Amino acid sequence: MKMVESVLTRAAEFLRRTNYEHVDPAAISLSKRAIIDYAGCALAGSQTAVAQNVFRWSSAHNTSATATVLGQKARLNAEHAALCNAVAGHALDFDDTSWTTIGHPTSVAASVALAFGELVGATGRDVLTAYAAGIEVGHKMARLTMPATSERGWHTTPVYGTVIAAATAAWLLKPDEDAVISGLGISLSRSGGVRSNFGTMTKPLHAGLAVLAGTESVSMAQEGITASPLAFEAADGFAQCFAGCAADGDVLLGRPWDLAETGLAFKLYPCCSGSHPAVDVMMELVRDGSLTAGMIHRIEVGTSLLGPRELVNHRPQTPLEARFSMEFAVAAVLIAGRLTLDEFTEDFVARRDVQELMDRIAMDIDPDLAKLGFIGTAPVKIRIHLQNGRVIDRSNDLARGNPEKPLTDNDFAAKFSGNACRAIPEARADRLLELLFDLENVKDVSDIMALTRTNR
């Protein structure tokens, strides 16, 4: 292939020269916490219907047994194991969010780093580096094309996740530079995913489709299939098609690292992050005794422009729909005093008091918040009208779990344990958490993955 200076050639060179020592220590630290959070979410998510369905499909198309499927006894080839693990990681919408993409990078990058790390006998440092490098490539492309991509209706997790998966796999597999460039180029032709599928099994499937498309793109390139090195910025390339804009190719990889500069938002609630600032407000009012469900006459929630595009279910009837409902999130907190996995069940969603309270909750775009543009941080203004005529006004610009409102190690540990123990015994979950907190010193990632398997 004739070498052309482009986004993809720069990305390939970045992946070739990056090792653990080159990664910003802040990015390494965040990567480790992200993988801890992901592992817990994926273990809990492995028990969901969508994860089980994808596992059955993957088993039927499997070719070998080289990588672990979290929460399962069987092993699959690396591509299909990573597919299953990405779907499991995103199944409960409990995984982290990036405001660079307004998407979910870790369920993609971590599933590839762990499955392909197991395939090649990677160390913990290798896994951390592959994860960070893969996200860096995808996020720097996103900086040139966001928020226009999201504004056009694309679900950004599979749009940018496909190239994140390809870059993560390429770092671990280390094909020659031409194959890396072509693998990334092929992945750009396989990106996609529409937001109209939110509230269905296809939403978490998007993370798995990104993984499968990205990793297959690299393996295809290894077999000699070529792609344009200008696939990102050329006429009718990725930037033009997804964002309607030209890209100058100045991706500035590792200068600074996106994970270090922008960070990730970790979730305290297993649902769309668009509702989380509102949930934080309601949790505070309920916990300090200021509010009960019986006091409510009506509630008005004002959001920014993204709110109605994500929180599309106003009277949800299933747990999948409820994860994308502001009305459900607010009603659940008022009735249950919390918002955990136990509220996202068929029985709780169908409860008469939950359904009736949702009828008194309305969400709309707030004119002042609309001026902030198409942002993912989900600021809210809430006006609560009580039965006695009193009005409570509250606002919140940012949910807990964002870099500005960080979770502690204890928060991560508690969330991990609550999730992991839904799939594996507590003693094994404790050992897994211990190894993940010491991931940079793990000599073989297979030691970690063995702890995630079940006996059935």
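In the block above lies the structure referred to throughout.
Residues numbered from 1 in each chain as written. Predicted model: local features only at pLDDT ≥ 70, side-chain atom pairs only at ≥ 80, totals over all residues. Heavy atoms only, no water.

### Topic: the overall build of the protein chain
Definition in use: The helix and strand labels rest on DSSP assignments: H or I over at least four residues marks a helix, E over at least two residues marks a strand, and numbering proceeds from the N terminus. Throughout, the radius of gyration refers to the C-alpha atoms, and the reference size of a globule is 2.2 Å times the residue count to the power 0.38. Whether a residue is buried, partly exposed or exposed follows from its accessible area with a 1.4 Å probe, protein chains only, as a fraction of its type maximum: under 20%, in between, or over 50%, in that order. Note on definitions: a residue-residue contact is assigned when non-hydrogen atoms from the two residues lie within 4.5 Å. Calculation of accessible area relied on Shrake-Rupley with a 1.4 Å probe; when residues are assessed, cover is drawn exclusively from the protein chains displayed. Only four residue types enter the charge count, namely Lys and Arg as positive and Asp and Glu as negative; His and the chain termini do not. Positions of charges follow a simple convention, taking NZ of Lys, CZ of Arg, CG of Asp or CD of Glu.
Looking only at helices and strands, the protein chain features 22 helices and 6 strands. Computed over C-alpha atoms, the radius of gyration of the protein chain comes to 21 Å, within 12% of the 23 Å expected from 2.2 N^0.38 for 456 residues, which places it in the range of a compact globule. Along the three orthogonal principal directions, the C-alpha set of the protein chain runs to about 75 × 50 × 40 Å. Looking at the protein chain residue by residue over its 456 residues, the buried ones come to 60%. Considering only residue pairs separated by 6 or more positions, the protein chain has 77% of its internal contacts joining residues 24 or more positions apart. For the protein chain, the computed accessible surface area is about 16700 Å², with 50% contributed by carbon and sulfur atoms. For the protein chain, the separation between the mean place of its 42 positive charges and that of its 53 negative charges on side chains is 3 Å.

### Digging into the pattern of salt bridges
This is how it is decided: Should a side-chain nitrogen of Lys or Arg be within 4 Å of a carboxyl oxygen of Asp or Glu, the pair is scored as a salt bridge.
In the structure shown here, the tally under the stated rule is 25 salt bridges. Across the salt bridge formed by glutamate 136 and lysine 140, the nearest N and O atoms sit 2.5 Å from each other. One end of the pair, glutamate 136, and the other, lysine 140, are both in helix 6 (residues 124-143), 4 residues apart, so they sit about a helical turn from each other. The burial state of glutamate 136 is the same as that of lysine 140; both residues are buried. With a shortest N-O distance of 2.8 Å, aspartate 359 and arginine 315 are connected by a salt bridge.

### Some remarks on the sheet that holds strand 4 (residues 361-365)
How we decide: Only strands joined by at least two bridges in the DSSP assignment are considered to pair. Convention adopted: a line fitted to C-alpha atoms gives each axis, helices being fitted over their contacting stretch, and angles between N-to-C directions are expressed from 0 to 180 degrees.
One open sheet accounts for 4 strands, arranged 4-3-5-6; its pairing is mixed. Pairing within the sheet leaves two strands with one partner each, and these edge strands are strand 4 and strand 6 (391-396). Across the sheet, the mean angle separating the axes of adjacent strands is 15° when strand polarity is ignored. In this sheet, strand 4 lies alongside strand 3 (residues 296-303) in parallel orientation, the contact comprising 5 bridges. Bridge assignment links threonine 303 to a residue of strand 4, and that residue is isoleucine 365. Sheet contacts for helix 13 (residues 276-287): strand 3, strand 5 (380-386) and strand 6; angle to strand 5, the most-contacted strand, approximately 40°.

### Considerations on helix 10 (residues 202-222)
So the rule is basically this: For a helix, the expected span equals 1.5 Å multiplied by the number of residues minus one.
Between its first and last C-alpha atoms helix 10 spans 29 Å; for 21 residues at 1.5 Å apiece the expected length is 30 Å, and the two agree. Among the residues trailing helix 10, glycine 224 stands out with phi positive, at a value near 100°.

### Focus: the packing of aromatic side chains
Condition: Classification of ring pairs rests on two measures: the distance between centres of Phe, Tyr or Trp rings, Trp counted by its six-membered ring, which must be within 6.5 Å, and the angle between planes, read as stacked under 30 degrees, edge-to-face over 60 and tilted in between. A ring has a charge above it when a Lys NZ or an Arg CZ is no more than 6 Å from the ring centre and no more than 35 degrees off the ring normal.
Applying the stated rule across the entire model yields 9 aromatic pairs. Aromatic side chains phenylalanine 14 and tryptophan 257 sit 5.4 Å apart centroid to centroid with 55° between the ring planes, which places their arrangement in the tilted category. Taken together, the positions of phenylalanine 14 in helix 1 (residues 7-17) and tryptophan 257 in the loop between helix 11 (238-243) and helix 12 (258-261) put the pair 243 residues apart, joining distant regions of the chain. Like phenylalanine 14, the residue tryptophan 257 is buried in the burial classification. Between phenylalanine 328 and phenylalanine 344 the ring centres are 5.2 Å apart and the planes differ by 55°, which places this aromatic pair in the tilted class. A residue pair is termed long-range when its members are at least 10 positions apart, and phenylalanine 328 in helix 16 (residues 326-336) and phenylalanine 344 in the loop between helix 16 and helix 17 (346-350) qualify at 16 residues. As far as burial versus exposure is concerned, phenylalanine 328 and phenylalanine 344 are alike and both buried. Linked through ring pairs, Trp154, Tyr160, Phe232, Phe238 and Phe242 together constitute an aromatic cluster. We note lysine 203 situated over the ring of phenylalanine 198; from NZ or CZ to the ring centre the distance is 4.9 Å. Positioned above the aromatic ring of phenylalanine 94 is the side chain of lysine 415, whose terminal nitrogen or guanidinium carbon lies 4.2 Å from the ring centre.

### Here we look at the pairing of strand 3
With 7 bridges joining them, strand 3 and strand 5 adopt antiparallel strand pairing. Across the sheet, glutamate 300 pairs through a bridge with arginine 383, a residue of strand 5.

### Side note on the pairing of strand 5
Among the 7 residues in strand 5, 5 count as buried, and that is most of the element. Between strand 5 and strand 6, which pair antiparallel one after the other, the connecting turn spans 4 residues, and glycine 389 there sits at a positive phi close to 95°.

### Observations concerning the environment of isoleucine 225
Its location among the elements puts isoleucine 225 in the loop between helix 10 and helix 11. Considered as a pair, isoleucine 225 and leucine 83 are 142 residues apart in the sequence and their alpha carbons are 22 Å apart. In contact with isoleucine 225, other than residues within four places in its own chain, are Ser182, Ile186 and Met220.

### Considerations on the nonpolar core
Short version of the rule: Side-chain atoms within 4.5 Å are what join buried Ala, Val, Leu, Ile, Met, Phe, Trp, Tyr and Cys residues into a set we call a nonpolar core.
Membership of the largest hydrophobic core comes to 108 residues, with the highest contact counts inside it found for Leu15, Tyr131, Val137 and Phe416. Those residues in contact with phenylalanine 416 that lie beyond four places of it in its chain are Ile36, Ala39, Gly40, Ala429, Leu432, Leu433 and Leu436. Met283, Ala331, Leu339 and Phe348 belong to the second largest nonpolar core, which has 40 residues in total.

### A word on the packing of helix 2 (residues 25-45) against helix 21 (residues 426-437)
The criterion, for reference: Oblique is the label for any angle not covered by the other classes, which are roughly parallel (under 35 degrees), roughly antiparallel (over 145) and roughly perpendicular (65 to 115). Take the far helix as the reference: if the near one is turned anticlockwise from it by less than a right angle, the crossing is left-handed, and if turned clockwise, right-handed. Note on residue classes: Ala, Val, Leu, Ile, Met, Phe, Trp, Tyr, Cys and Pro are nonpolar, Asp, Glu, Lys and Arg are charged, and everything else, Gly too, is polar.
Taken N-terminus to C-terminus, the directions of helix 2 and helix 21 make an angle of 155°; their axes are 9 Å apart at the nearest point. Regarding the angle of helix 2 to helix 21, the classification is roughly antiparallel. Both helix 2 and helix 21 take part in a crossing whose hand is right-handed. Here Lys32, Ile35, Ile36, Ala39 and Leu43 of helix 2 come into contact with helix 21, specifically with Leu432, Leu433, Leu436 and Phe437. Taken together, the residues that form the contact of helix 2 with helix 21 break down as 8 nonpolar, no polar and 1 charged.

The analysis is restricted to geometry; functional conclusions fall outside its scope.
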